[in-house]
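Coordinates in review
Listed here are the chains, written in short residue letters.
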Amino acid sequence: MPEREREITLRFLAEPTDVNFGGKVHGGAVMKWIDQAGYACAVGWSGQYCVTVYVGGIRFHRPVLIGNMVEVSARLIHTGKTSLHVAVEVSAGDPKEGVYTKTTQCIIVFVAVDDGGTPVEVDGWDPESEQDVALEQYAKRLMELRKETEKEIGPHGVVL
Ligand SMILES: CC(C)(COP(=O)(O)OP(=O)(O)OC[C@H]1O[C@@H](n2cnc3c(N)ncnc32)[C@H](O)[C@@H]1OP(=O)(O)O)[C@@H](O)C(=O)NCCC(=O)NCCS
């Protein structure tokens, strides 16, 4: 049985096709990279196809520039019965300088599903280091906050 991957990093150059109207990388492109890295992390751990059920806490700290080297790191920080909570961080910088700065971060929750789209149980991950214990507590706290928010606005949000 191969060892499970709990963490992955994607590395690539931001391409001219990723540009927005302001000449920098489009926020949608960054969100796509985040989803791809999170997906690879969730699938790598669970060994199952996974779907995104929630994306939260996304914060764009700095822009990514065209031609920047981009690193998208995804790390499993909590498992539920069928869910996998993944923290994703994007860093970028000029490859000529080799200095990378955090540009974006967020949390994504994936659910492992079978061929019919029904949630299936995943192997649990147990934090060992102090940092991992803190990250798992953070994921659980976010889950509580989400429940409180959903209670406030209703499960399906505002109808426009
Ligand atoms: C993911 C999906 C199958 C879950 O179905 P469901 O009927 O909500 O299933 P459950 O209520 O059993 O919840 C399954 C898991 O999702 C978690 N979940 C549900 N709503 C959530 C939310 N708002 N935030 C975080 N986790 C959530 C539950 O906590 C549960 O995790 P657990 O088993 O670890 O406790 C269904 O919501 C779905 O198909 N969504 C669309 C997915 C999609 O198309 N994504 C975009 C493209 S990949």
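Further up the page is the structure itself.
These remarks concern the structure in this document. Quick caveat, the model's predicted, so the values are computed rather than measured. (Residues numbered from 1 in each chain as written. Predicted model: local features only at pLDDT ≥ 70, side-chain atom pairs only at ≥ 80, totals over all residues. Heavy atoms only, no water.)

A short note on the nonpolar core
Residues W33, V70 and L84 are the most contacted members of the largest nonpolar core, which totals 29 residues. Sorting the residues of this core by element identifies α1 (27–46), β3 (69–79), β4 (83–93) and β5 (101–112) as the ones contributing at least two each. At eight residues, the largest contribution of residues to this core is made by α1. The contact partners of L84, leaving out residues within four places of it in the chain, are A42, W45, S46, C50, L76, H78, T79, I108, V109, F110, A112 and V122. (Core = buried A, V, L, I, M, F, W, Y, C linked by side-chain atoms within 4.5 Å. Buried < 20%, exposed > 50% of the residue type's maximum accessible area, 1.4 Å probe, protein only. Helix = DSSP H or I, 4+ residues; strand = E, 2+ residues; numbered from the N terminus. Contact = heavy atoms within 4.5 Å.)

Regarding the pairing of β4
The buried fraction of β4 is high, at ten of eleven residues. Bridging between β3 and β4 involves ten bridges; their strand directions are antiparallel. In the sheet register, L76 faces β4, and the bridge partner there is V86. The antiparallel pairing of β3 with β4 creates a hairpin that spans three residues between the two strands. Pairing analysis gives ten bridges linking β4 to β5, with the strands arranged antiparallel. (Pairing = 2+ DSSP bridges.)

So, the site of the ligand
Taken together, the neighbourhood of the ligand is formed by 14 residues, with T52, K81, T82, S83 and E150 sitting nearest. The contact in question runs from an oxygen atom of the ligand to an N or O atom on the backbone of K81, over 2.8 Å. In this structure, a nitrogen atom belonging to the ligand sits 3.2 Å away from a side-chain N or O atom of R146. When the ligand is considered free in solution it has 960 Å² of accessible area, and contact with the protein chains removes 50% of it. Elements represented by at least two residues in the shell around the ligand include exactly β2 (50–60), β5 and α2 (130–153). Here the element with the most residues in the shell around the ligand is β2; it accounts for four residues. Partitioned by chemical class, the residues of the shell around the ligand number six nonpolar, five polar and three charged. (Near = heavy atom within 4 Å. Polar contact = N/O pair within 3.5 Å; in protein donor to acceptor, adjacent residues only side chain to side chain. Areas by Shrake-Rupley, 256 points an atom, 1.4 Å probe, with all protein chains shown as cover. Nonpolar A, V, L, I, M, F, W, Y, C, P; charged D, E, K, R; others polar.)

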